[in-house]
Amino acid sequence: MVREKVGLPPFQALIDAHWRDVARLARAMAGQDGDDVAQRAWEKAYAAYPTLTSAKNLRSWLLTITARCATDVHRARKPQRPLDEAPPVAVDGPEAAAWPDPDLWRAVNELPERQRFAITLKYVGDLDHHGVAAALDTTPAASRRLVSDALATLRTKLGVHDD
Amino acid sequence: MTDLESRLNRLDTPGLRPPVLPDADVAYTLHDTPIGTLLLAVAGGRVVASSFGDEETMTTRLARAVSPRVLRQPRPLDDVRRQLDEYLSGVRRAFDVEVDLVLATPFQRLVLNDLPTHTSYGATTTYGAVASDIDKPKAARAVGTALGANPVCVVLPCHRVVGANGALTGYAGGLDAKRFLLNLEAKS
């Protein structure tokens, strides 16, 4: 049987191993919508799981679904809440205390969307450029460029010179 | 990794919550009992596991045999847990649940399926007698192996089967567990 061949692990094992990473990534990408994004991503993953044809790279598969859900939410909210006016990451207001390193995340919020998503996937999601590229429907070379441009902007804004 | 990269990497916000998902294809829970921790699982309303096996091994077997959508969800197991607790405290003599031996081989199914009718509460029988019951009188040893692989322990009472000389011989949950169950049934 096909199912035997694929040998998918029990879904609970994926949750136990990755739910924190999915939740962190969702918050980094979607701010106060992050918890909804994470929940929606898990629902989508759960629905699609039995149809997977490979048990490889399940973590990166989950983070890709999370990134797509974050993008969807972001697009849906854009007209009412432009990025510049209301940063998705809650670095201001009552939730600010919950975010470590607010200077850094305020600067992250001000990056263009693709750059912001790319560095979030790369560092919060801990994906390599192939993984980032898959999540953003682009090439590893483009991912590398987005990440390095983002880091350059952040270094200038934060006055960091560490390389 | 540069300092800036590790600052990005360290994002950790409080109050993260695990996801809440719909009813699993296979729901399981770990249930502590006087004879040890049992992994209980149901699929499609039927009990598919009551096992002393470890969580990773059992859930992996269930994922392959039934569906990979296996989740730790205690609620669908409430009825089975209640019946087990009643049985283990001596107030229940038989289980009112449907069992599905998806984790068993065809021969194991033959041995295990009718165990509740081939044995009776408070009495023991032998591997040879069970072998005769299923019309394989020479298969006492194979019957012993099949009983040892029982995926639905306690509910399917493999503990009531002992050696021809009355020796307890073996049990997935250990001989102490087997002794506990036989004493419990003898007293109640």
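How each quantity is defined
Residues numbered from 1 in each chain as written. Chains lettered and ligands numbered in written order. Predicted model: local features only at pLDDT ≥ 70, side-chain atom pairs only at ≥ 80, totals over all residues. Heavy atoms only, no water. Helix = DSSP H or I, 4+ residues; strand = E, 2+ residues; numbered from the N terminus. Buried < 20%, exposed > 50% of the residue type's maximum accessible area, 1.4 Å probe, protein only. Contact = heavy atoms within 4.5 Å. Areas by Shrake-Rupley, 256 points an atom, 1.4 Å probe, with all protein chains shown as cover. Polar contact = N/O pair within 3.5 Å; in protein donor to acceptor, adjacent residues only side chain to side chain. Buried area = accessible area lost by both parts, 1.4 Å probe. Salt bridge = Lys/Arg side-chain N within 4 Å of Asp/Glu carboxyl O. Nonpolar A, V, L, I, M, F, W, Y, C, P; charged D, E, K, R; others polar. UniProt positions renumbered as here; feature names shortened; annotations may be inferred.

**Q** Before we go on, may I ask you to explain the overall build of chain A in this structure?
**A** What chain A contains, in helices and strands, is eight helices and zero strands. Helices and strands in chain A line up, N terminus first, as α-α-α-α-α-α-α-α. Here chain A holds 163 residues, and 52% of them are scored as buried. Restricting the contact set of chain A to residue pairs at least 6 apart, pairs at least 24 apart contribute 68%. Surface accessibility of chain A: about 7700 Å² in total, with carbon and sulfur atoms responsible for 51%.

**Q** Would you mind going over the side chain of Asn-150 of chain B with me for this structure?
**A** Residues and elements named next belong to chain B. Within the secondary structure, Asn-150 sits in the loop between helix 7 (140-148) and strand 6 (161-162). Take Asn-150: its relative accessible area is 4%, and that puts it in the buried class. In this structure the side chain of Asn-150 is engaged in a polar contact, spanning 2.9 Å, whose partner is the backbone oxygen of Leu-156. Every residue in contact with Asn-150, bar those within four places of it in the chain, is listed here: Leu-112, Leu-156 and Cys-158.

**Q** Looking at this model, I keep getting lost on the interface of chain A and chain B. Mind explaining?
**A** In this assembly, 42 residues from chain A lie in contact with 36 residues from chain B. When the buried surface of chain A facing chain B is broken down by residue, Arg-24, Tyr-46 and Tyr-123 of chain A rank first, second and third, together holding 20% of it. There are three salt bridges connecting chain A and chain B. Close ionic contact of Asp-35 of chain A with Arg-17 of chain B constitutes a salt bridge, the shortest N to O distance being 3.8 Å. Linking chain A with chain B are 14 residue pairs in polar contact (both at pLDDT 80 or more). Counting only elements with at least two residues in the side of chain A that touches chain B, the list comes to helix 1 (2-6), helix 2 (11-30), helix 3 (34-48), helix 5 (102-109), helix 6 (113-124) and helix 8 (140-158) of chain A. Of all the elements, helix 2 of chain A adds the most residues to the side of chain A that touches chain B, at 10 residues. Across the side of chain A that touches chain B, the residue classes break down as 26 nonpolar, three polar and 13 charged.

**Q** What is the right way to look at the UniProt feature "domain: RNA polymerase sigma factor 70 region 4 type" (unreviewed entry) in chain A in this model?
**A** According to UniProt, the "domain: RNA polymerase sigma factor 70 region 4 type" (unreviewed entry) feature falls on residues 104-154 of chain A. In residues 104-154 of chain A, helix accounts for 78% and strand for 0%; the two terminal C-alpha atoms are 8 Å from one another.

**Q** Which parts of the structure should I look at to understand unusual backbone geometry?
**A** For residues besides glycine, phi is generally negative; the peptide bonds are generally trans as well. Positioned with a positive phi, Asp-126 of chain A is a non-glycine residue whose angle comes to about 60°. Take Asp-126 of chain A: it is sitting in the loop between helix 6 and helix 7 (129-135). In this structure, Asp-135 of chain B is a non-glycine residue whose phi angle is positive, near 60°. Structurally, the position occupied by Asp-135 of chain B is in the loop between helix 6 (127-133) and helix 7. For Asp-135 of chain B, a relative accessible area of 65% corresponds to the exposed category.

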